[in-house]
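Each chain, written out:
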Amino acid sequence: MAGPLSGTATERTEAATPPVAAPAPRRAAAAALGAGVVLAKRALMLAVLLAAVFAAVELLPGDAASATSDRGESAADAAARRRLLGLDRPVWERFLDWMTALPTGDLGTSARGEHVTDLLSAPFPNTLLLGGTAFAATLATALALGCWAALRPGGPVDRIVNVTSGITLALPEFVVSVGLLLPLSLWTGWLPAVTLTAPDGAPASWTMLVMPVLALTVPQAGWNARIVRGALADQAGAPHVSAARLDGLSPRRVLLRHALPGAWPAIATGAATSTGMLLGGAVVVETLFNYPGLGTVLAGAVSDRDTPVIAGVVACTGAVISLVLLCADVIRARTLGARP
Amino acid sequence: MIWTRRQALWAGGGIGTAALLTACGGDKDAASSPADSSGGTPRKGGTLRVGALGRASATTRDPHGNQGNESDYLIIALVHDTLTAPGLKDNTVGRLATSWKPSGDLKTWRFTLAKGATFHDGSPVTADDVVWSLRRLRNTPAGASRLPGVKAENITADGKDTVVLVSDDANAELPLLTRLSTFVLKKDTPGKDIPKAPGTGPFKLDWFRGGNARLVRNDTWHGGRVHLDAIEVTMFESPQAMANALLGGQIDLASNVGPVAARSAASRKDVQLVRRPGDMALPLVMRTADGPFADVRVREAMKLVVDREAMVEQVLSGYGTVANDVLGTADPAYAKDLPRRTRDLAKARKLLAEAGFDLSRTYELVTTEDVPGLAESATLFANHAREAGVKVKVVKQESGAFYEKTWLKGSFYTNYWGTNDSVIFLAAKMITGAGQNEAGWSDPGFDSAYRKAVGAADEKARATALRELQRIEHDRSGYLLWGVADGIDLAGSKVRDLPKLPGYGRVQLERVWLAR
């Protein structure tokens, strides 16, 4: 990903400006330029991704007209629908049309004649809620476990965290889901097995979020705990951390005040890459728990060869991932830029 | 879940009628499952929570549109009435139309509407409403297959309560065709109002959101008393999630959940397993017009090669019945007396040798994964054929590609029909020149039997013609029908009087009630 790359770009602009002498307006202008470059890169990346989506759907066998047709529909009907959906035009032309409408917030029309924005208006916030909660839970768990393990390197906690995080990060979401579903719902009845939808389109009860969030969190928390632990281990050897330790500060204080700040860039980048995994895993988890999110829309749209819907989902999730990556870049830039 | 959209159109079911069932001494016809035999008297009240399969991207609210989702069809079928509905004893029973009468030549059919039928807003249902709705249905892209043989201009009103349909050809089964998607809306309902348009059905729409809905009882339904206060429909993307919701007590009925989920729930005592026999036919189609299967001896050999019991056991997990190469096994007119074909490899080899069938070649059997078991049936058949020295290679195609390239054209492919309750409806696809003649079949004897059957006003002559038609189908047609799948629902222990009809008979939930 471009995360680290653009991070260094920002860093370089900052480094190029003499830290003391430069007047504030020029520094601000340089920072704004740097941010602009990063944003432009992200936008370009998203455009390339969307082009790839259009191309990929084109390569799938069949098209939206045939995939959504009725058995018994005549060839003429199918051809008429193909024209109606614009499928008789070259793919790049459809892509350009769709892209030029995008800035106005128009995501096009689905193969079944609905506005894609309407199709995504309820599922997208639901997926953000699921993904956001899972992201927060992942970060909290990973930080807690990573720090706890780092307090006594090589101690029992460190070893247990090391082994369990290694196992959980390798677990696919559906295995975790089934593993949670049996004991927590079907055997004990503690938690609802699936998500039912309230009249407003959101999950009917917060308890229905618990298992989907856990299913997403467990593998990602394992992955991030290792990153936190690794980053803290790197920092442990840094001169200022050693100095703090030699000064006789408590291990806790050394960890939280001296080692952790330096570990932030690595942790932020790790967490940012998790966003993609969380949203990807949501496709599986949402189906298993009947969660009314983007995953179910995407799965249906792929089997319908419904390019505008697929591209709409990709655009929404792509925007979220870009935003999180941008946050990670900012954290990196601030942390690295703060030190000479 | 792709299969549901195709089945939506072709399932022979539709919505049933409490009205007529009750009127003609209902209880004999009542659809009840074994577990509720202790039944008791229906109790008023309660909310039935139903799970139905569907995909978020495919939701639709138009009763005349392409209902890809079972959940959408279920909701539409509870809010809007069709003219007729499938029945248990009679193939076709009344719904919004209480009676129908053909002209002598079986071309003109007059449907009389139910007395006192009203829309949910209180306005009476008139023949004009029905005519407008049927014409709207007919003018959809797939209208010709939804209401075959009746042109839009030949649907007219005669007075306030009679609708006249004039068929292009004589058709004794025309009322059967009005069972599935002839949903009635108010005349001139604008397109944007369709999702909230009042229907005439047993339930009124309370809310609909992203495929999920709540329906409340229509106290003034023309079809009789409805027991439930409300029905809540939850759409499920996966059958397994739906089964989990039932096992976890979050829903009361998992509609058409399939054999895999049924197996995992079979051991639970508090769960009713409802089998609706004759739900779906899964035939293999052999092209008769040309190609390697044009010789009738080759086709018979293939029919002798298959081990039908093994197919039902392995492909359908035992939830099904062995079939005898005749489509329409759930039809009361189904010829049960035809000799049952069993596996006979020696005879098959002999027939193949006589026909000069090239055993050195490998034959492709094209299949899809549109319905559970379909691709598995192809693979298992290939194994059976190998034992007779016939090399069959299974080729899986994506659904869209299959309907474009293989269906109606291929020489050997799997197929499925969500309707299995009319011998003659399916036979219509086999007559010479039929638009959906899947095997490219043309048989003068069959054509004449078909015409006799559809044109016969006399019951006995019709029965004779139907018997002959099925005999020819059994002996010579391009269909190898090894078995018929059951429809399988799961229900909680409190649910009573669940529908037992195959196909879309499963949406007939207006008689259901909840025990205490």
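Note that this is a predicted model, so its numbers are computed, not measured. (Residues numbered from 1 in each chain as written. Chains lettered and ligands numbered in written order. Predicted model: local features only at pLDDT ≥ 70, side-chain atom pairs only at ≥ 80, totals over all residues. Heavy atoms only, no water.)

The number of helices and strands found in chain A is 14 helices and zero strands. Going from N to C terminus, chain A has its helices and strands arranged as α-α-α-α-α-α-α-α-α-α-α-α-α-α. Structurally, chain A occupies a C-alpha span of about 85 × 60 × 35 Å along its principal axes. Relative to all contacts within chain A whose residues are 6 or more apart in sequence, the contacts with residues 24 or more apart total 74%. Here chain A displays about 16,200 Å² of accessible surface, and carbon together with sulfur accounts for 71% of that area. Averaging the coordinates of the 24 positive side-chain charges in chain A and doing the same for the 22 negative ones gives two points 16 Å apart. (Helix = DSSP H or I, 4+ residues; strand = E, 2+ residues; numbered from the N terminus. Contact = heavy atoms within 4.5 Å. Areas by Shrake-Rupley, 256 points an atom, 1.4 Å probe, with all protein chains shown as cover. Lys, Arg positive; Asp, Glu negative; His and termini not counted. Charge placed at Lys NZ, Arg CZ, Asp CG, Glu CD.)

All right, on to the interface of chain A and chain B then. In this complex, chain A contributes 39 residues to the contact, which on the side of chain B involves 39 residues. In this assembly, chain A packs against chain B so that about 3,200 Å² is buried in total across both faces, 50% of it on carbon and sulfur atoms. Among the salt bridges present, the one from Arg82 of chain A reaches Glu404 of chain B, with a minimum N-O distance of 3.3 Å. Viewed at the interface, chain B and chain A are joined by 11 residue pairs in polar contact (both at pLDDT 80 or more). Within the residue set of the side of chain A that touches chain B, elements represented by two or more residues are helix H3 (64-67), helix H4 (75-84), helix H9 (173-187), helix H12 (251-289) and helix H13 (294-304) of chain A. Ranked by residues supplied to the side of chain A that touches chain B, first place goes to H13 of chain A with seven residues. (Buried area = accessible area lost by both parts, 1.4 Å probe. Salt bridge = Lys/Arg side-chain N within 4 Å of Asp/Glu carboxyl O. Polar contact = N/O pair within 3.5 Å; in protein donor to acceptor, adjacent residues only side chain to side chain.)

We now examine the packing of H9 of chain A against H12 of chain A. All names here are of chain A. Where H9 contacts H12, the axes come no closer than 9 Å and their chain directions differ by 45 degrees. Classified by the interaxial angle, the pair formed by H9 and H12 is oblique. The chirality of how H9 crosses H12 is right-handed. From H9, Glu173, Phe174, Ser177 and Leu181 reach across to H12, where they touch Met277, Gly281, Val284, Val285, Leu288 and Phe289. Taken together, the residues that form the contact of H9 with H12 break down as seven nonpolar, two polar and one charged. (Axes fitted to C-alpha atoms, helices over the stretch in contact; angles between N-to-C directions. Parallel < 35°, antiparallel > 145°, perpendicular 65-115°, else oblique. Left-handed = near helix turned anticlockwise from the far one by under 90°. Nonpolar A, V, L, I, M, F, W, Y, C, P; charged D, E, K, R; others polar.)

We now examine the confidence of the model for chain A. Residue and element names in this part refer to chain A. Looking at chain A as a whole, the pLDDT averages 84, with 90% of positions reaching at least 70. The lowest-confidence element of chain A is helix H1 (residues 3-16), averaging 38 in pLDDT; the highest-confidence one is helix H7 (residues 123-151), averaging 93. Within the model, pLDDT remains below 50 along residues 1-20, and this stretch shows 18 contacts once partners closer than five positions in the same chain are excluded. (pLDDT = per-residue confidence, 0-100.)

Let us now look at the pattern of salt bridges. Residue and element names in this part refer to chain B. Under the criterion given, the structure shown has 43 salt bridges over all chains. A salt bridge links Glu354 to Lys350, with the nearest nitrogen and oxygen atoms 3.6 Å apart. In this pair, Glu354 and Lys350 both sit in helix H11 (residues 345-355), four residues apart, roughly one turn of the helix. Look at Lys350 and you get exposed, because its relative accessible area is 54%. Bridged by salt links that share partners, the residues Glu70, Arg276, Asp279, Asp489 and Arg506 form one connected network. (Buried < 20%, exposed > 50% of the residue type's maximum accessible area, 1.4 Å probe, protein only.)

Reports often express the size of an interface as the amount of accessible area lost when the parts come together. All names here are of chain B. Looking at the assigned domains, one finds that chain B contains domain 1 (81-189) and domain 2 (278-486). One C-alpha centre belongs to domain 1, the other to domain 2, and the line joining them spans 32 Å. Of all residues in domain 1, Asn91, Leu106 and Glu173 give up the largest surface area on contact with domain 2, accounting jointly for 45% of the area buried on that side. Counting across the domain 1 and domain 2 interface gives two salt bridges. A salt bridge links Asp421 to Arg179; the shortest N-O distance between them is 3.1 Å. One can count four residue pairs in polar contact (both at pLDDT 80 or more) joining domain 1 with domain 2. (Domains from an automatic or database assignment.)

All right, on to the packing of helix H10 (residues 207-236) of chain A against H12 of chain A then. All names here are of chain A. At a closest axis distance of 7 Å, the pairing of H10 and H12 adopts a crossing angle of 155 degrees. Taken together, the axes of H10 and H12 are roughly antiparallel relative to one another. Crossing of H10 over H12 shows right-handed handedness. The residue inventory of the contact of H10 with H12, partitioned by class, reads 21 nonpolar, eight polar and no charged.

This paragraph deals with the UniProt feature "domain: Solute-binding protein family" (unreviewed entry) in chain B. The positions that UniProt labels "domain: Solute-binding protein family" (unreviewed entry) are, in the present scheme, residues 93-420 of chain B. Here residues 93-420 of chain B runs as 26% helix and 23% strand, with 16 Å between its end C-alpha atoms. (UniProt positions renumbered as here; feature names shortened; annotations may be inferred.)

Residue position: Ser177 of chain A is located in helix H9. Other than its neighbours up to four places away in sequence, Ser177 of chain A contacts Ala215, Val285, Leu288 and Phe289 of chain A.

Residue and element names in this part refer to chain B. Taking strand neighbours across the sheet as the criterion, the four strands line up as S4-S5-S7-S6 in an open arrangement whose pairing is antiparallel. A strand with exactly one partner marks an edge of an open sheet, and here the two such strands are strand S4 (97-102) and strand S6 (155-157). The mean inter-strand angle of the sheet, taken between neighbouring strand axes irrespective of direction, is 20 degrees. Two elements, S6 and strand S7 (residues 162-166), share three bridges in a ladder whose sense is antiparallel. Within S7, the residue paired with Thr156 across the bridge is Val164. Across the sheet, helix H4 (residues 127-138) lies against strand S5 (108-113), S6 and S7, angled at about 170 degrees from S6, the strand it touches most. (Pairing = 2+ DSSP bridges.)

On the surface, Leu145, Trp148 and Leu151 of chain A cluster together into a nonpolar patch covering about 270 Å² of accessible area. Tracing the backbone shows Trp148 of chain A in helix H7. (Patch = residues over 30% accessible without salt bridge, like charges linked within 9 Å, V, L, I, M, F, W, Y side chains within 5 Å.)

Turning our attention to the state of the cysteines. Disulfides are covalent bonds that link the sulfur atoms of two cysteine residues. Enumeration over the complete set of coordinates arrives at zero disulfides over all chains. No disulfide involves Cys316 of chain A; its sulfur sits 17 Å from that of Cys327 of chain A, the nearest cysteine. (Disulfide = S-S within 2.5 Å.)

With 10 of 10 residues buried, helix H3 (residues 70-79) of chain B lies mostly within the body of the structure. Listing the buried residues of H3 of chain B in full gives Glu70, Ser71, Asp72, Tyr73, Leu74, Ile75, Ile76, Ala77, Leu78 and Val79 of chain B.

This brings us to the environment of Ala77 of chain B. All names here are of chain B. With respect to the helices, strands and loops of the structure, Ala77 is situated in helix H3. Taking the relative accessible area as the measure of exposure, Ala77 reaches 0% and is therefore buried. Counting along the chain gives 186 residues from Ala77 to Arg263, while the straight-line C-alpha distance between them is 29 Å.

Comment: phi is negative for the bulk of residues other than glycine, and the bulk of peptide bonds are trans. Residues and elements named next belong to chain B. Of note in this structure, Leu106 is not a glycine but carries a positive phi near 60 degrees. With respect to the secondary-structure elements, Leu106 resides in the loop between S4 and S5. For Leu106, a relative accessible area of 4% gives the class buried. Backbone geometry at Asp188 places phi at a positive 60 degrees, although glycine is not the residue there. Relative to the helices and strands, Asp188 is located in the loop between helix H6 (174-177) and strand S8 (203-209).

What follows concerns the side chain of Asn212 of chain B. Turning to its location among the elements, Asn212 of chain B is positioned in strand S9 (residues 212-217). Here Asn212 of chain B falls in the buried class, since its relative accessible area comes to 6%. In terms of polar contacts, Asn212 of chain B uses its side chain to reach the backbone amide nitrogen of Met235 of chain B, at 2.8 Å. With sequence-adjacent residues up to four places away left out, Asn212 of chain B is seen in contact with Thr197 of chain A together with Trp207, Val233, Thr234 and Met235 of chain B.

Once that is clear, we can look at the nonpolar core. One finds Leu282, Met302, Phe381 and Trp482 of chain B to be the most contacted residues of the largest nonpolar core, which totals 71 residues. It is helix H12 (residues 374-386) of chain B that provides the largest number of residues to this core, a total of six residues. Among all residues touching Phe381 of chain B, those that are not within four sequence positions of it are Leu284, Met302, Val305, Val306, Met311, Leu365, Val392, Phe412 and Leu480 of chain B. Within the second largest apolar cluster, 36 residues are counted, among which are Met208, Val285 and Tyr291 of chain A together with Leu247 of chain B. (Core = buried A, V, L, I, M, F, W, Y, C linked by side-chain atoms within 4.5 Å.)

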